[in-house]
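Observations on the model geometry
The residues making up each chain are set out below.
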Amino acid sequence: MIAKFSDLAGKNILITGASRGLGRKMAEVLATQGAHVIFNYRGDESAANLLKEELISLGASNATALLFDVTNTVQMKEAVEKFIESNGAITGLVNNAGISKDQIVLRMKEEDVAQTINTNLTSAIMLTQILSRSFLKAENVSVVNISSIVGLMGNASQIAYAASKAGLIGFTKSYAKELASRNIRCNAICPGFITTDMTHALDEKVKDAYLNTIPLKRMGDPEEVANLVCFLLSKASSYITGETIKIDGGLYI
Ligand code: NDP
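Let us look at the structure shown here.

1. Brief notes about the site of the ligand
As a matter of local geometry, the ligand sits amid 29 residues, with Ser-19, Arg-42, Asn-96, Tyr-161 and Thr-196 nearest to it. A distance of 2.7 Å is found between an oxygen atom of the ligand and a side-chain nitrogen or oxygen belonging to Arg-20. A distance of 2.8 Å is found between an oxygen atom of the ligand and a backbone nitrogen or oxygen belonging to Ile-194. Of all the secondary structure elements, the ones that give two or more residues to the shell around the ligand are helix H1 (21-32), helix H6 (159-179) and helix H7 (197-200). Per-element accounting of the shell around the ligand gives the leading share, three residues, to H7.

2. A few points about empty space enclosed by the protein
With the rule as written, the count across this model stands at two cavities of 30 Å³ or more. By volume, the largest cavity amounts to about 60 Å³. In the lining of the largest cavity, the residues fall into four nonpolar, three polar and four charged. The wall of the second largest cavity is formed by Thr-16, Asn-95, Asn-96, Ala-97, Thr-119, Asn-120, Ser-123, Ala-124, Ile-146 and Lys-165. No other element matches helix H4 (residues 110-137), which puts four residues into the lining of the second largest cavity. Grouping the constituent residues of the lining of the second largest cavity by class yields three nonpolar, six polar and one charged.

3. Observations concerning the pattern of salt bridges
Under the defined criterion, the tally for this structure stands at seven salt bridges. Glu-28 is the salt-bridge partner of Arg-24, the closest N and O atoms lying 3.4 Å from each other. With Arg-24 and Glu-28 both in helix H1, this residue pair falls four residues apart, about one helical turn. Overall, Arg-24 belongs to the partly exposed group, its relative accessible area being 25%. In this structure, Arg-218 and Glu-224 form a salt bridge, with 2.8 Å as the shortest nitrogen-oxygen distance. For Arg-218, a relative accessible area of 40% gives the class partly exposed. Beyond isolated ion pairs, a larger network of salt bridges with shared partners links Arg-24, Lys-25, Glu-28 and Glu-54.

4. A closer look at the packing of aromatic side chains
All chains considered together, the criterion is met by three aromatic pairs. Centroid distance Phe-5 to Phe-231: 6.2 Å. Interplanar angle 50°. Geometry classified as tilted. Here the residue Phe-5 occupies a position in the segment before strand E1 (12-15), and Phe-231 occupies one in helix H9 (residues 222-233), the gap between them amounting to 226 residues. On the basis of relative accessible area, Phe-5 is assigned to the buried category, the value being 13%. Judged by centre distance (4.8 Å) and plane angle (25°), the ring pair of Phe-193 and Tyr-210 falls under stacked. Of the two residues, Phe-193 is situated in the loop between strand E6 (184-191) and H7 and Tyr-210 in helix H8 (residues 204-213); the sequence distance between them amounts to 17 residues. Accessibility assignment for this pair places Phe-193 and Tyr-210 in one class, buried.

5. Considering the sheet that holds strand E7 (residues 244-247)
On the basis of which strands lie adjacent, the open sheet formed by seven strands has the order E3-E2-E1-E4-E5-E6-E7 and parallel pairing. Edge positions in the sheet fall to strand E3 (62-67) and E7, since each of these pairs with one other strand and no more. The average angle at which neighbouring strand axes cross in this sheet is 20°, direction not considered. Across four bridges, strand E4 (residues 92-95) lies against strand E5 (residues 141-146) in parallel orientation. Within E5, the position partnered with Val-94 by the bridge is Val-144. The sheet strands contacting H4 are E1, E4, E5 and E6, and the helix crosses E4 at an angle near 175°.

Cut-off values and rules
- Residues numbered from 1 in each chain as written.
- Predicted model: local features only at pLDDT ≥ 70, side-chain atom pairs only at ≥ 80, totals over all residues.
- Heavy atoms only, no water.
- Near = heavy atom within 4 Å.
- Polar contact = N/O pair within 3.5 Å; in protein donor to acceptor, adjacent residues only side chain to side chain.
- Helix = DSSP H or I, 4+ residues; strand = E, 2+ residues; numbered from the N terminus.
- 1 Å grid on protein atoms, 1.4 Å probe; cavity = no way out; pocket = protein on both sides within 12 Å on 5 of 7 lines; lining within 4 Å.
- Points joined across faces, edges and corners; volume = space filled by probe spheres on them.
- Nonpolar A, V, L, I, M, F, W, Y, C, P; charged D, E, K, R; others polar.
- Salt bridge = Lys/Arg side-chain N within 4 Å of Asp/Glu carboxyl O.
- Buried < 20%, exposed > 50% of the residue type's maximum accessible area, 1.4 Å probe, protein only.
- Phe/Tyr/Trp six-rings, centres within 6.5 Å; stacked < 30°, edge-to-face > 60°.
- Pairing = 2+ DSSP bridges.
- Axes fitted to C-alpha atoms, helices over the stretch in contact; angles between N-to-C directions.
- Contact = heavy atoms within 4.5 Å.

Here it is in structure tokens:
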């Protein structure tokens, strides 16, 4: 079931990491709301064009693909500033792109830790900073950071990932406090175990162990997360900021 938020129609909303998984579903659901969906891609132009066509056919008022890697701040700044120059302010941002490089503490490599923190946390902070000047001149701005339940509860073999996701929560609360007087909101979502490539990659034993600990006894669907993202981007959540919302089937009650 897709929830409808009429004020998202025509809103310029940027989602990172929309090529697949949760981000793709968010882009599709935002398209059905009539938003102008902006997403980044890392080089596969034909896949980006296909996604654009799909989003338009789903009802997006427009769809724009921007070429940038979230860890390349210069490329990211150029792409989003060029977009704003010709299309006006981006008023919705979903910091979703993320990676996990799971390893037990003794086997962790410094470059994997750095890549995880850069992709999941530093990029979100930098992209939000880049957009902040135009946020200040816009109305109804909402930023949604995709954290994770492991950012709250921790997880063995996910030290860097959990640290990056916990960091996103601190960033969310600080940004919310700093920009609230300008009516700019910022919230974090902590998904539990949702069916995407990231969770397909998990060992079957790990998956079974998780399923046994989820009170709702199933993995989440990307559409369920997308609905929550739409709610937080829309005026329906206008009095919610600095919040961290779990969407995990009760995994971390
Ligand atoms: P996927 O692995 O399915 O997709 C990751 C997305 O991030 C892809 O679009 C990928 O692009 C993009 N990405 C990764 N690195 C970069 C980069 N350097 N620059 C630009 N884009 C990049 O992940 P999910 O959809 O499962 O996860 C999405 C978010 O949700 C992540 O932040 C994840 O941590 C979080 N999350 C997911 C959960 C789950 O159960 N699935 C649970 C909790 C949180 P490309 O195709 O180019 O690689």
